[in-house]
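Structural features, examined
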Amino acid sequence: MPVKNLSQRFPSVLLAAIALGLPCGAAKAQVAIRYNATVTAVDFPAKTVVATTESVIQPDGTELNYGTPPQNTFAVDASTPIHYANNPARWVSLREVKPGTPLAVYGRTDGGRVLADRILIQASDPNAVRQTAVVPDGQNPIEPDKVCKDRVTVPLIFPIAGKVSYSDSFLASRGGGSRRHHGQDLMSAKLNPAIACFDGVVELNVGLGNAGNTVTIYGDNGWTAEYYHMNNDTPGTDDARGTAEYCFAPGLKSGDRVNAGQLIGWVGDSGNAESTGSHVHFELWNQVTGAVYNAFPSLQAAKRLAQPVVFAPAPDLEIPKGSARYDGVIRKIDRDRKVLVVDLLATDTNGKGLTSVTKPTREFLIADDKSLFRVFGMPDGLTLDNVVVGDRISSIARMTPPGHGQELTQLFAVRNLNAQMTAPIPPNESTDAGQLAEPAPPPAGGTILLGPDDKYLENLAKEVLEEVNAQRQLKGLKDLVFDAGLARTAQAWTVSMVDGDFFDTRDERIGLSVTSLAARDGTPEATVGLVFDSLDSRALAASLIKNYARDILNPDLKTIGVGHTYIDDDPGQVQRKHYWTILFAR
């Protein structure tokens, strides 16, 4: 493949080479050969990959297959881009290439080795998500408040990195019954990182009524994701005076493209969440139907990340001993004192690779006459006077004791690497963040997060009833029917199990059982209470039929109530994730 084509498809290939002063001249103007190979060994210090080559494709398209595959040594450097086949946006460290990995290496022979111009990992990026266009089946109408009850599962990266708890609150009552909840409340610590759930274009807004500060992602997959209640506080406070630097990711602005897993902002409690605890209210809207769909199935199937994915050029840039790498966006410049203030995105302080920041973090870089300034893609050097606020940078600095700025040795400004930026999709009536902001003002005492309404609880029990009643009908027994009172008690018990860190039909904290609470709440005393940790309602029904046939076939039982709470990354000693409670009554 000619290098000119390579740089057109992956412009950072040559840009990084020029900026870093690495080989990119006449030698790299030679025509590259594609080697289809499987890795046998990686030597990171030596920057080489040894692989078994199954075939090569010549520049004219001729493919040569080997009867006895030879071993080739591929030499890489900091300018060699490595990408997964399904995620060209992320430049991968050589550390991620493991034995057994299939590769397509584009390179040129140099004696007994091959100089790699580009490496494509022929596998899926474990940090990426399929950008699949999921189409609702249209089984249910779009209701007046833009809700559609079709079940959809959109491939996602989970919208928050780190610990989160949530239960399915879609269509729960809000505003005293005046409106329905269109999203899922993802409860998480303030200033935890919110990340892009799929690839797309962002729109950022502040102060949108009940929604507060928001991020909207217009996905390439035909879906739009809404993130409400992003942070509005100064770190360590609840002052509602935090500026955009503590709300959105450094340098992010409306119209920017984002990739799945990328940091987009910080969890908070803006809008009507001031009295409910920090969280992200998350919604999924379809760009074709203009309707909102329950995000719960998508969230349960989503890929979870412990921290945001790092998107940075030349991740294997050499770091001298005693130095560190700091990637971020310049916030302020004091040219007289030669100090740059940087909002960080990622750091490498131990030479083991870039890691994302997980809280708003700032670093001070102090330049001197020996500091080098370059721009990716520009052959000439810069000076401090050419660096501007808002520049996305990668820098190397000598580490100093705490309380001192880091001594800047090299700075690379990343400019115009994404000149072909997709324009943001203009919001329409169904996807405009202002339209979606919950309109009713909070009561004087603040908004209280309510549990699921009776209609939701009835739907929750529907699949269980179908399976259980089929068994009862075989025995000539009358069908069980849904009881809202039992369901409310069952739902409250699931929440108590999560809050109280237990999994039982008895709560030792209060000395009561779930059946005694049902009786106290007005349901008949002759109740049967059961708890489960099934993955879904169908698995729950199967467990009932298999293990509790006597109860479900009891002719004296007439009604049923089902409750469910889901918590991910459960911090307690009891960790079931799914907490189900079932109550039967005469």
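Comments concerning the overall build of the protein
A count of helical and extended segments in the protein gives nine helices and 31 strands. Buried positions account for 52% of the 586 residues belonging to the protein. Put simply, 67% of the contacts in the protein that link residues at least 6 apart link residues at least 24 apart. Per element, the accessible surface of the protein, about 25800 Å² overall, is 51% carbon and sulfur.

Some details on the nonpolar core
One finds Ile217, Tyr227 and Phe282 to be the most contacted residues of the largest nonpolar core, which totals 63 residues. Per-element tally for this core: the top contributor is strand β19 (residues 323-334), with five residues. Counting 21 residues, the second largest nonpolar core, distinct from the first, contains Ala487, Leu540, Ile552 and Ile560.

Structural notes on the environment of Glu203
Position of Glu203 relative to the elements: it lies in strand β12 (residues 200-205). Between the alpha carbons of Glu203 and Lys253 there is a distance of 7.2 Å; along the sequence they are 50 residues apart. In this structure the side chain of Glu203 is engaged in a polar contact, spanning 2.8 Å, whose partner is the side chain of Tyr218.

With respect to the pairing of strand β24 (residues 392-398)
Burial of β24 is extensive: six of the seven residues sit out of reach of the surface. The pairing of β19 with β24 spans seven bridges and is classified as antiparallel. Bridge pairing in β24 links Gly328 to Ile393. In terms of strand pairing, β24 meets strand β25 (residues 406-414) through seven bridges, oriented antiparallel. When the bridges of β25 are listed, Ile393 appears paired with Ala413.

Thoughts on helix α5 (residues 454-474)
A rise of 1.5 Å per residue sets the reference length of α5, with its 21 residues, at 30 Å; its end C-alpha atoms lie 29 Å apart and thus fit the reference within 8%. Of all the bends found along α5, the most pronounced is centred on Lys462 and spans about 35°. All of the buried residues in α5 are Tyr456, Leu457, Leu460, Ala461, Val464, Leu465, Val468, Asn469 and Arg472. The inward-facing, buried residues of α5 abut β26 (481-482), α6 (484-500), α8 (537-547), α9 (549-552), β30 (559-566) and β31 (578-585). Looking one or two residues beyond α5, the residue adopting positive phi is Gly476, at roughly 75°.

Here we look at the pairing of β12
Where a strand is regular, its side chains alternate between the two sheet faces. The element β12 is extensively covered by neighbouring structure, given that five of its six residues are classed as buried. Pairing of β12 with strand β15 (residues 257-258), which is carried by two bridges, proceeds in the antiparallel orientation. Across the sheet, residue Val201 finds its bridge partner in β15, namely Arg257.

Examining the confidence of the model for the protein
Within the protein, residue pLDDT values average 83, and 85% of them lie at 70 or more. Every residue in residues 1-29 scores below 50 in pLDDT, and together they form 53 contacts with partners more than four places removed in sequence or on other chains. Low confidence marks residues 417-451, where pLDDT is under 50. Its contacts with residues over four positions away, or in another chain, come to 65 contacts.

Let's talk about the packing of α5 against α8
Put simply, α5 and α8 touch, their axes get as near as 9 Å, and they point 30° apart. Judged by the angle between their axes, α5 and α8 are roughly parallel. As for how α5 packs across α8, the hand of that crossing is right-handed. Along its contact with α5, which presents Leu460, Glu463, Val464, Glu467, Val468 and Gln471, the element α8 presents Ser537, Arg538, Leu540, Ala541, Leu544 and Ile545. Residues belonging to the contact of α5 with α8 are distributed by class as follows: seven nonpolar, two polar and three charged.

Points about the sheet that holds β26
Read across the open sheet, the four strands follow the order β26-β30-β31-β29; overall the sheet is mixed. Among the strands making up the open sheet, the edge pair consists of β26 and β29 (527-532). With six bridges connecting them, β29 and β31 associate as antiparallel partners. The residue bridging Thr527 from the neighbouring strand is Ala585, located in β31. Contacts between α5 and the sheet are confined to β26, β30 and β31, with β30 contributing the most and set at about 105° to the helix.

Observations regarding the pattern of salt bridges
The full count for this structure, using the stated rule, is 28 salt bridges. A salt bridge links Arg174 to Asp185; the nearest nitrogen and oxygen atoms lie 3.5 Å apart. Here Arg174 is found in strand β8 (residues 173-174), whereas its partner Asp185 is found in strand β10 (residues 184-187), with eleven residues between them in sequence. In this pair, the class of Arg174 matches that of Asp185, namely buried. Across the salt bridge formed by Lys190 and Asp269, the nearest N and O atoms sit 3.4 Å from each other. With Lys190 in the loop between β10 and β11 (193-195) and Asp269 in the loop between β16 (263-266) and β17 (279-286), this pair connects stretches of sequence that are 79 residues apart. Owing to a relative accessible area of 25%, Lys190 belongs among the partly exposed residues under this scheme. Residue Asp269 is classed as buried on the basis of its relative accessible area, which comes to 5%. Linked by salt bridges that have partners in common, Glu143, Asp145, Lys149 and Arg180 make up one network.

What counts as what
- Residues numbered from 1 in each chain as written.
- Predicted model: local features only at pLDDT ≥ 70, side-chain atom pairs only at ≥ 80, totals over all residues.
- Heavy atoms only, no water.
- Helix = DSSP H or I, 4+ residues; strand = E, 2+ residues; numbered from the N terminus.
- Buried < 20%, exposed > 50% of the residue type's maximum accessible area, 1.4 Å probe, protein only.
- Contact = heavy atoms within 4.5 Å.
- Areas by Shrake-Rupley, 256 points an atom, 1.4 Å probe, with all protein chains shown as cover.
- Core = buried A, V, L, I, M, F, W, Y, C linked by side-chain atoms within 4.5 Å.
- Polar contact = N/O pair within 3.5 Å; in protein donor to acceptor, adjacent residues only side chain to side chain.
- Pairing = 2+ DSSP bridges.
- Expected span 1.5 Å × (residues − 1).
- Bend = angle between axes of the 7 residues up to and from the residue.
- pLDDT = per-residue confidence, 0-100.
- Axes fitted to C-alpha atoms, helices over the stretch in contact; angles between N-to-C directions.
- Parallel < 35°, antiparallel > 145°, perpendicular 65-115°, else oblique.
- Left-handed = near helix turned anticlockwise from the far one by under 90°.
- Nonpolar A, V, L, I, M, F, W, Y, C, P; charged D, E, K, R; others polar.
- Salt bridge = Lys/Arg side-chain N within 4 Å of Asp/Glu carboxyl O.

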